[in-house]
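Residue-level structural notes
Below are the chains, spelled out letter by letter.
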Amino acid sequence: MVVEVESFYERRIGQHNAGRHRGGAKRTSGRGPWEMVLIVHGFPSDIAALRFEWAWQHPHISRRLSHVARRSRKESSLQFHWRVLSNMLRVAPWSRLPLTVRWLKQEYRMDFAPELQPPLHIPLTFGCVRAKTKPQQECKEQDERQVERCVLCGVFVKAMDRLSCFHPSCQMVSHLICLAKHFLKADPSHLLPVEGKCPGCHHSVLWGSLIRHKNGCHGDLEEISSSSSQSHWTDELQL
Amino acid sequence: VLENFLKKSALTFFTVACKKRNKGALVPITPMPGFSNMDTPELKNRLNRFGVRPLPKKQMVLKLREIHQYTHQLQSSESEEETSGPQRPPNASNSQSAPLSFKQPAAPPAVSPVKLPPSEEDELLSASQNSNTSSTFNPFLFPRSNPELCVSEDDDSDSEGITASQAVVREKDKLLAVRQFIRSDPKLYTRVLQYQPLSLAELRSSLKAAGIRLGAAKLLDFLDSQCITFSTAKQACNAKKKRKAAKPNGGVAIK
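Residues numbered from 1 in each chain as written. Chains lettered and ligands numbered in written order. Predicted model: local features only at pLDDT ≥ 70, side-chain atom pairs only at ≥ 80, totals over all residues. Heavy atoms only, no water.

A few points about the packing of aromatic side chains
All names here are of chain A. Applying the stated criterion across every chain, the model contains 6 aromatic pairs over all chains. Aromatic side chains W82 and W103 sit 4.9 Å apart centroid to centroid with 40° between the ring planes, which places their arrangement in the tilted category. Residue W82 is found in helix α3 (residues 77-90), and its partner W103 is found in strand β3 (residues 100-103); the two are separated by 21 residues along the sequence. Pair check on accessibility: W82 and W103 agree, each one buried. An angle of 25° between the planes, with centres 4.7 Å apart, marks the rings of W82 and F112 as stacked. Here the residue W82 occupies a position in helix α3, and F112 occupies one in the loop between β3 and β4 (124-126), the gap between them amounting to 30 residues. As far as the burial class goes, W82 and F112 line up, both buried. Site record: aromatic cluster; members linked through ring pairs are F43, F52, W56 and W94. Its end group placed over the ring of F126, R109 keeps NZ or CZ at 5.0 Å from the ring centre. Looking at R149, its charged tip hangs above the ring of F156, at a distance of 4.2 Å from the centre. (Phe/Tyr/Trp six-rings, centres within 6.5 Å; stacked < 30°, edge-to-face > 60°. Helix = DSSP H or I, 4+ residues; strand = E, 2+ residues; numbered from the N terminus. Buried < 20%, exposed > 50% of the residue type's maximum accessible area, 1.4 Å probe, protein only. Lys NZ or Arg CZ within 6 Å of the ring centre and 35° of its normal.)

See the structure below:
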């Protein structure tokens, strides 16, 4: 098994596996069917994902990974890439991003080494995923929505500044900046929050999840069991 | 060849002269390491600290020497006499009567050859281990194919001589100022909070307008330490093309 690191966007993944003639990545065509074993997802922008990919592929020249030793002889390609990944998740500029590490193939999966544990908010999980087909959500028109006040400062909240909690029955609404400052009280040297307690329901929530919820893409991936799909899991991506 | 020889002997001379003087006002100069005796991996490693990609071995040696010269110039720590270049040796014991001169850098670095003490607020500085290469050098570009930015430092260094500790304090203040700036600009902060990339050029000019002058490389380090995504003009152009097609929930795969 040859290991390669690729970045993918939901749209591209089907193309990628179909090979070059459908717009997939040039390098992999003609080298046999690829097996996707591990993905890191949750990048909030193309740029972030591209940069991550580049660094993962070039740890020896990435500015932020100069502390990562080169591949040793006893390390397999996958082990090396796993070690590089473990290091990447622990340093800036990636350590505060709302990422998820997901193994797709049980037989290859590895755990993080004890000394290379990722930040607490980055989950390690297993299982194939696909994008959900969402039923049309009641999308309230901005005018129809009642005027809401921020639970933290009391001032009216405009749609573009609005954050709400995604927990069912939680009514919390606040300004982006108000909640960020609230979450950062415990972490004053940073600008980007990672997680905090919802002032409404008091559940611990990840900042990334709140932003996804705001953008309407929270919970848009669902697990699929491998037995249920005959075709390649990427073919089932709905976009 | 003669010029190189002169430079080489001048270096040795100044090193020796420094030690003999024992004035205490001058910062001692580390003699240049034997780059030509190092093996290629070590050369690559050393260059990497300055953000320079691997080059043919001979070029790496030359580049490292150049870097050493830039970083190891005489500078009085009291800065009574501001020196941006080497001083004329008082007793020219060699036969050369003409003053020896180095290639002068365009913008003299304000930092003395002494290593800067590590800042307390490490979160503000680059998370990378090599904090002594805090990008004060003009000509050294990052590898071009690297999306980790091709940054050429323009003259952001102060021209007055300042001590090492003053330089550290100033930088700390500047970084605090940048942080404060972002926090107090709702539009900007809203972008940051939604993980949207900031345009490096735009940010820099906004900062400049607010009286905060920070070099591109230092700003980049700061944004990295805060895990804030940024874009260069080139990236913004590519990103626009991709943004139409790609969903925000992108990923990276290993096969």
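Structure's up, so let's keep going.
Some remarks on the pairing of β3(A)
Residue and element names in this part refer to chain A. Of the two faces of β3, the one carrying T100 and R102 and the one carrying V101 and W103 are both buried. Of the pairings in the sheet, the one linking strand β2 (residues 38-43) to β3 comprises 4 bridges and is antiparallel in character. Bridge pairing in β3 places I39 opposite R102. Relative to β4, β3 runs parallel, the two sharing 3 bridges. The partner of R102 across the bridge, within β4, is T125. (Pairing = 2+ DSSP bridges.)

Section: the state of the cysteines
All names here are of chain A. Tallying each qualifying case throughout the model produces 0 disulfides over all chains. The thiol of C198 is not disulfide-bonded; the next cysteine sulfur, from C170, is found 3.6 Å away. For the unlinked cysteine C201, the closest cysteine sulfur is that of C198, found at 3.7 Å. Accessibility expressed as a relative area gives 24% for C201, which makes it partly exposed. (Disulfide = S-S within 2.5 Å.)

A closer look at the confidence of the model for chain B
All names here are of chain B. When the pLDDT values of chain B are averaged, the result is 65; 45% of them are 70 or greater. Here helix α1 (residues 2-21) stands out as the least confident element of chain B, with mean pLDDT 45; helix α5 (residues 186-193) is the most confident, with 96. Considering only residues more than four positions removed or in separate chains, one finds that residues 75-145, a stretch of pLDDT under 50, has 139 contacts. Note that pLDDT drops below 50 for residues 152-157; the model gives that stretch 14 contacts with residues more than four away or on any other chain. The ipTM value of the predicted complex is 0.83, and its pTM value is 0.61. (pLDDT = per-residue confidence, 0-100. Contact = heavy atoms within 4.5 Å.)

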